[in-house]
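A structural walkthrough
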Amino acid sequence: MNAYRLSIKGEIPLHGETYVSGGKNTSLAVLPAVILCDEPCVIENLPDIDDINVLYTILCHLGAKVDYQRDKKRMIIDPTSVNCTTVPFSFTQQMRASYYLMGALFGRYGEASVGYPGGCAIGSRPIDQHIKGFCLLGAEFLEEGGMLKLKGERRGSIINFDMATVGGTINVMLAACKAKGNTVLANAAREPHVVDLANFLNSMGAKIRGAGTSTIRIRGVQKLSGAAYSVIPDQIETGTLMIAAAATRGDVLIRGCIPTHMEALTAKLLEMGVFVDSFDDCIRVRLNKGHRAIRISTQEYPGFPTDLQQPMSALLTKANGNSEVTENIFDNRFKHLDEMRRMGAKVHISGRTAYIEGVPELRGAPVNACDLRGGAALVIAGLMAKGITQVYNPDYIHRGYERLEEKLSSLGADIRLEKTE
Ligand code: EPU
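Residues numbered from 1 in each chain as written. Predicted model: local features only at pLDDT ≥ 70, side-chain atom pairs only at ≥ 80, totals over all residues. Heavy atoms only, no water.

1. Some points on the domain arrangement of the protein
Operational definition: An automatic or database domain assignment is the source of the domain bounds shown. We call two residues in contact when some of their heavy atoms are within 4.5 Å. Buried area: the accessible area, evaluated with a 1.4 Å probe, that two parts lose upon being put together, summed over both parts. Criterion for a salt bridge: a side-chain nitrogen of Lys or Arg within 4 Å of a carboxyl oxygen of Asp or Glu.
As assigned here, the protein comprises domain 1 (3–21 + 234–420) and domain 2 (24–230). Listed by partner, the interface residues are 23 residues for domain 1 and 21 residues for domain 2. A combined buried area of about 1900 Å² lies between domain 1 and domain 2, and 50% of that area is made up of carbon and sulfur atoms. Together, Tyr301, Arg399 and Glu402 form the three largest contributors to the area buried by domain 1 at its contact with domain 2, with a combined 33%. Connecting domain 1 to domain 2 are two salt bridges.

In structure tokens:
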């Protein structure tokens, strides 16, 4: 088997225009949602990433007829031929979002047997809130032979999440769409992809109100009709590109994004002295001098997203002064900073906070991507560093970013995917 690495020659300012692909986490919720539908659906603007390939394989395994037109970023899915409600661990271990098959299959068929979800190792990631929601909707839950099993009638209920969980909100929303009666999700997550999923479900005839607020109300319906839907642009890819532009002191126009989803990051970049101009569907990021150190504390939307903490903390290693980054959502999301010490970053990690002393220069070094956003953070570190940085395990990055290296190259970066010797 060939192993690859990304080789980056740093200190080149990024210049020009790029575009944002369809949202990863949105697509990973919208595709399983098609299982709930009683007719074929067309899903557009899908990102060409490894996680979507896994989901495509799972949908085919379940018996759905799927025409994946990768060049058109589109899947035409006929879920009426689904003839199986079991998703083995060999599939589910490949990604986190496989847990949405539980909500979709249980919501449609009243039963599901799904292997434990995989995904990035960024801390303990329990799914007790998902299970609590399914059980309140009427499921009997059983763990057997490493499989998560649900069976039962679906009846509307009131579910109060103990924390605003994105996955839990989406999963229980899927399960409740066709339940008998009304469901209320209290303390729901408000992320843009929760709203996008609700919009897709409503476009099929679901009755969901309040997505984007902390209380979501769902009136169960019997039938969902086929729909054509285009997923929203990726919030985290947009942010990663914004940070890359700032990190290289470049001037980049990012097209096809939703600037209102980026307000928390934009505010922090402005605080650092970066110029950010937001237009209807594009953002320009510019910087021509050093940037200031800041404090960041990750929060649920609309707070600063945990998924941008890693790229942002990479940027802060070269800020003027001392920065503090507190990660409130996941308990192990600083591994990229350990790697960056080899590049000359000065970081002290204590509990959930990273104390970063800005240095004038990073030096290229071989580093290991340990997870998706951490991998992107190391690419940003490589773009900032003097000399050559080699990022090993780029597969993590390709799970969630569509052609990141090509997009950066088109902006002038010297970045190549090469075989390791
Ligand atoms: N939590 C529980 N119990 C639960 C569910 C969550 O204790 O039943 C805890 C988690 O351990 C975590 C917090 O609640 O401490 C928030 O977890 P959440 O459920 O919101 O996260 P997730 O569904 O596992 C999704 C994204 C992540 C993103 C988070 C937060 C997908 C497939 N994953 O994860 O995306 O970081 O929401 O916004 O949508 C990524 O794209 O790199 C990524 C990790």
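More follows now that the structure is in view.
2. Observations regarding the packing of helix α1 (residues 24–33) against helix α4 (residues 100–109)
Put simply, the rule reads: Axis definition: a line fit to C-alpha positions, over the contact stretch in the case of helices; interaxial angles, taken between N-to-C directions, run 0 to 180 degrees. Each helix is a run of DSSP H or I of at least 4 residues and each strand a run of E of at least 2, with the numbering of both proceeding from the N terminus. To sort the angles, those under 35 degrees are grouped as roughly parallel, those over 145 as roughly antiparallel, those from 65 to 115 as roughly perpendicular, and the leftovers as oblique. The hand of a helix crossing depends on one turn: near helix anticlockwise from the far one by less than a right angle means left-handed, and clockwise means right-handed.
Interaxial distance between α1 and α4 falls to 9 Å at its minimum, and their mutual angle equals 25°. In terms of orientation, α1 and α4 fall into the roughly parallel class. The chirality of how α1 crosses α4 is right-handed. Only Tyr100, Leu101 and Ala104 of α4 make contact with α1, whose side of the interface consists of Leu28, Ala29 and Pro32.

3. Things to note about a positive patch on the surface
Note the threshold: To count toward a patch, a residue needs a relative accessible area over 30% and no salt bridge; like charges are then connected within 9 Å, while nonpolar side chains (Val, Leu, Ile, Met, Phe, Trp, Tyr) are connected within 5 Å. Areas reported here follow the Shrake-Rupley algorithm with a probe of radius 1.4 Å; residue values treat only the protein chains shown as occluding. We count Lys and Arg on the positive side and Asp and Glu on the negative side, and we leave His and both chain ends out. Taken as the charge location is NZ of Lys, CZ of Arg, CG of Asp or CD of Glu.
On the surface, a cluster of positive charge is contributed by Lys207, Arg209, Arg217 and Arg219. Along the chain, Arg209 turns up in strand β12 (residues 207–209).

4. Here we look at the nonpolar core
Applicable threshold: By convention a nonpolar core is built from buried Ala, Val, Leu, Ile, Met, Phe, Trp, Tyr and Cys residues, the set being connected through side-chain atoms within 4.5 Å. Only protein chains enter the accessibility calculation, which uses a 1.4 Å probe; a residue whose area is less than 20% of its type maximum is buried, one above 50% is exposed, and one in between is partly exposed.
Judged by nonpolar contacts, the single largest core of 72 residues is most densely connected at Ile43, Met173, Leu197, Phe200 and Leu201. Ignoring anything within four residues of it in the chain, the contact list for Phe200 reads Val30, Ala33, Val34, Cys41, Ile43, Ala227 and Tyr229. Membership of the second largest hydrophobic core comes to 65 residues, among which are Met242, Leu265, Met272 and Leu362.

5. Topic: unusual backbone geometry
With an omega of 10°, the peptide bond between Tyr301 and Pro302 qualifies as cis. Assignment of secondary structure puts Pro302 in the loop between β18 (295–297) and α10 (306–316). Non-glycine residue Asn393 carries a positive phi angle of around 60°. Within the secondary structure, Asn393 sits in the loop between β23 (388–392) and α13 (395–400). Since its relative accessible area comes to 36%, Asn393 is described here as partly exposed.

6. Brief notes about the environment of Tyr401
As for its placement among the helices and strands, Tyr401 is situated in the loop between α13 and α14 (404–410). Assessed through its relative accessible area of 2%, Tyr401 is described here as buried. Separated by 353 residues in the primary sequence, Tyr401 and Asp48 have C-alpha atoms spaced 8.2 Å apart. The contact partners of Tyr401, leaving out residues within four places of it in the chain, are Ile49, Ile236, Glu237, Thr240, Leu372, Arg373 and Ala376.

7. Here we look at the sheet that holds strand β15 (residues 251–255)
Convention followed: One requirement defines pairing of two strands: DSSP has to find at least two bridges between them.
Spatially, β2-β15-β17-β16 is the arrangement adopted by the four strands of the open sheet, whose pairing is mixed. The open sheet terminates on both sides in strands that have one partner only, identified here as β2 (15–19) and β16 (275–278). Each adjacent strand pair in this sheet contributes to an overall mean axis angle of 15°, direction not counted. Pairing between β16 and strand β17 (residues 282–286): four bridges, direction antiparallel. Across the sheet, the residue bridging to Phe275 is Arg286, located in β17. Against the sheet, helix α8 (residues 235–247) touches β2, β15, β16 and β17, its axis set at about 25° to β17.

8. Details of helix α9 (residues 263–272)
Put simply, the rule reads: To obtain the arc, one takes the directions from the helix axis to the C-beta atoms.
Those residues of α9 that sit buried are Leu265, Thr266, Lys268, Leu269 and Met272. For α9, the buried positions fall inside an angular range of 165° around the axis, keeping them on one side. Elements in contact with the buried residues of α9: α8, β16, β18 and α10. Once α9 ends, the next one or two residues include Gly273, with phi positive near 100°.

9. Looking at the site of the ligand
Short version of the rule: Throughout, the term near means that a residue has one or more heavy atoms lying within 4 Å of the molecule or strand in question. Whenever a nitrogen or oxygen atom comes within 3.5 Å of another N or O atom, the pair is scored as a polar contact, on the condition that within protein one atom can donate a hydrogen and the other can accept it, and that pairs from neighbouring residues in sequence are kept only if both atoms are in side chains. Charged residues are taken to be Asp, Glu, Lys and Arg, nonpolar residues to be Ala, Val, Leu, Ile, Met, Phe, Trp, Tyr, Cys and Pro, and polar residues to be all remaining types, Gly included.
Residues in close proximity to the ligand total 25 residues, the closest being Tyr99, Gln129, Thr165, Asp307 and Ile329. In the environment of the ligand, an oxygen atom lies 2.9 Å from a nitrogen or oxygen atom belonging to the backbone of Gly167. The side chain of Arg373 places a nitrogen or oxygen atom 2.7 Å from an oxygen atom of the ligand. Summarising the interface, the protein chains cover 90% of the accessible area of the ligand, which totals 830 Å² for the free molecule. When contributions to the shell around the ligand are tallied by element, the ones reaching two or more residues are α1, α5 (128–136), α6 (166–176), α10 and α12 (372–384). No other element matches the three residues that α5 contributes to the shell around the ligand. Of the residues in the shell around the ligand, the class split is 11 nonpolar, seven polar and seven charged.

10. Points about the environment of Ala314
One can find Ala314 in helix α10. For Ala314, a relative accessible area of 0% puts it in the buried group. Each C-alpha atom, one on Ala314 and one on Leu337, is 7.1 Å from the other, the two residues being 23 residues apart in sequence.

11. Side note on the pattern of salt bridges
The full count for this structure, using the stated rule, is 25 salt bridges. Notably, a salt bridge pairs Glu17 with Arg255, separated by 2.8 Å at the nearest N-O pair. Taken together, the positions of Glu17 in strand β2 and Arg255 in strand β15 put the pair 238 residues apart, joining distant regions of the chain. One connected set of salt bridges, linked through shared partners, spans Asp48, Arg70, Lys73, Glu402, Arg403 and Glu406.

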